[in-house]
Amino acid sequence: MKVEERLLKYVSYWTTSDESCSDIPSSEREFTLAKTLKQELETLGLTNILLTDHCYVYAKLPATPGMENCKSIGFIAHMDTAPDFSGKDVKPQIIPDYDGNDVLLKGSGAYLKISDFPTLKTLKGRTLITTDGTTLLGADDKAGVSEIMTAVEQIITEKIPHGDIWIGFTPDEEVGSGADLFDLDYFKAKFAY
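Residues numbered from 1 in each chain as written. Predicted model: local features only at pLDDT ≥ 70, side-chain atom pairs only at ≥ 80, totals over all residues. Heavy atoms only, no water.

S.K.: Hey, could you run me through helix α2 (residues 30-44) in this one?
M.R.: An α-helical turn contains 3.6 residues, so any two residues separated by three or four positions project in the same direction. Spanning 15 residues, α2 covers 22 Å between terminal C-alpha atoms, matching the ideal 21 Å at 1.5 Å per step. Along α2, the residues classified as buried are Glu 30, Phe 31, Leu 33, Ala 34, Thr 36, Leu 37, Glu 40, Leu 41 and Leu 44. Where α2 is buried, its residues touch α1 (3-10), β1 (47-51), β2 (57-61), α3 (139-157) and β8 (165-170). Positioned one or two residues after α2, Gly 45 has a phi angle of 90°, which is positive. (Helix = DSSP H or I, 4+ residues; strand = E, 2+ residues; numbered from the N terminus. Expected span 1.5 Å × (residues − 1). Buried < 20%, exposed > 50% of the residue type's maximum accessible area, 1.4 Å probe, protein only. Contact = heavy atoms within 4.5 Å.)

S.K.: Sorry, what's going on with the nonpolar core here?
M.R.: As a rule of thumb, nonpolar side chains are buried together in soluble globular proteins. Membership of the largest hydrophobic core comes to 23 residues, with the highest contact counts inside it found for Leu 37, Leu 46, Met 79, Met 149, Ile 167 and Phe 169. At the level of secondary structure, the elements contributing two or more residues to this core comprise α2, β2, α3 and β8. Per element, the largest residue contribution to this core is six residues, and it comes from α2. In contact with Ile 167, other than residues within four places in its own chain, are Leu 46, Val 57, Tyr 58, Ala 59, Phe 75, Ile 148, Val 152 and Phe 187. In terms of nonpolar packing, the next biggest core, distinct from the first, is built from seven residues, Tyr 56, Tyr 58, Trp 166 and Ala 189 among them. (Core = buried A, V, L, I, M, F, W, Y, C linked by side-chain atoms within 4.5 Å.)

S.K.: Just to check I follow, could you spell out the sheet that holds β2 for this structure?
M.R.: Strands in a sheet are paired, the pairing made by backbone hydrogen bonds, and the direction either parallel or antiparallel. Ordered by their spatial adjacency, five strands build an open sheet running β1-β2-β8-β3-β9, and the pairing between neighbours is mixed. Looking at which strands have only one partner, the edges of the open sheet turn out to be β1 and β9 (191-192). Inspection of the sheet shows β1 paired to β2 by three bridges, in the antiparallel sense. When the bridges of β2 are listed, Thr 47 appears paired with Lys 60. Strands β1, β2 and β8 of the sheet are contacted by α2, whose axis makes an angle of about 165° with β1. The sheet contacts of α3 involve β2, β3 (73-78) and β8, and relative to β3 the element is tilted by about 145°. (Pairing = 2+ DSSP bridges. Axes fitted to C-alpha atoms, helices over the stretch in contact; angles between N-to-C directions.)

S.K.: Hey, could you run me through the packing of aromatic side chains in this one?
M.R.: The relation between two aromatic rings is expressed through the spacing of the ring centres and the mutual angle of the planes. Under the defined criterion, the tally for this structure stands at nine aromatic pairs. Residues Trp 166 and Tyr 186 carry aromatic rings whose centres are separated by 5.8 Å and whose planes lie at 80° to one another, so their mutual orientation is edge-to-face. One end of the pair, Trp 166, is in strand β8; the other, Tyr 186, is in the loop between β8 and β9, and 20 residues separate them in sequence. For Tyr 186, a relative accessible area of 24% translates into the label partly exposed. Members of the aromatic cluster, each reached through a chain of ring pairs, are Tyr 56, Tyr 58, Trp 166, Phe 182, Tyr 186 and Phe 187. (Phe/Tyr/Trp six-rings, centres within 6.5 Å; stacked < 30°, edge-to-face > 60°.)

S.K.: Can you walk me through the side chain of Lys 142 in this structure?
M.R.: Along the polypeptide, Lys 142 turns up in helix α3. Nearest to the buried, unbridged Lys 142 among oppositely charged side chains is Asp 80, at 8.9 Å. Reaching out from Lys 142, the side chain makes a polar contact with the backbone oxygen of Tyr 13 at a distance of 2.6 Å. Lys 142 has contacts with Leu 7, Tyr 10, Val 11, Tyr 13, Thr 15, Leu 33, His 78, Met 79 and Thr 81, leaving out every residue within four places of it along the chain. (Lys, Arg positive; Asp, Glu negative; His and termini not counted. Salt bridge = Lys/Arg side-chain N within 4 Å of Asp/Glu carboxyl O. Polar contact = N/O pair within 3.5 Å; in protein donor to acceptor, adjacent residues only side chain to side chain.)

S.K.: I'm lost on the packing of α2 against α3 in this one. Help?
M.R.: Helix packing for two helices is described by the angle between their axes and how far apart those axes are. At their nearest, the axes of α2 and α3 sit 11 Å apart, and the two run at 10° to each other. The orientation of α2 relative to α3 falls into the category roughly parallel. Across the interface between the two elements, Leu 33, Leu 37, Glu 40, Leu 41 and Leu 44 of α2 pack against Lys 142, Val 145, Met 149, Val 152, Glu 153 and Ile 156 of α3. Grouping the constituent residues of the contact of α2 with α3 by class yields eight nonpolar, no polar and three charged. (Parallel < 35°, antiparallel > 145°, perpendicular 65-115°, else oblique. Nonpolar A, V, L, I, M, F, W, Y, C, P; charged D, E, K, R; others polar.)

Written out as C-alpha cells, the structure is:
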C-alpha cells in the first residue's frame, strides 16, 4: 500500500486525545486505530506484536539471516490527534499537481495562504493532502505512522537486509502522557527515531 493511501485510511479514525482525562489512553477511541495497526502488523508477519491495555502497540521485524548481531533500531510515532480542534469525520482534500498558490479549504472557506506558509510555494507540482478546514487532518502523527508502516512493508517486500527493527505506536502524545507507560523493557531497540 502506498504511503498516501495509508495516511488517508488512518486519518479516517477518530483518535483525538482528551486533555481532561488522566487515564492512558485518555480516550477509548484511540484503540480503534491501535487494533487496525496490530492487525496490519500481524498480516505483514512481524513478531512480538503486543497491544497493551493502555493502547501501546509494539512489534518487531526480526533481523534477516546474517544480520542478527547488528544493533537494533526502533521507529515510534503517536496515534492520537490534538484536542484543540475536531478530529472526527475528517474530510481530506487531495490536490494533485499543486499550482503553488493559496489553498482553499473547501469545507470552511478558509485559505492556507502563501503569506502565512511561504514554504507552500516550494511544493508546486506535488500532490498535497490537506484538511477541508472543518477538522484537523490528523497528519500529526498519522503521517509518521503511515511512513513507518510503509517502510516496514517495503523492507519486507524488497528483502532489504536489516537487524532487528522495533515498532512502537503510542497514545496520548498530544496531551503530554504518550511516553509515560512506554515499555523500554519490551521495546528492545538500541536506538529509536
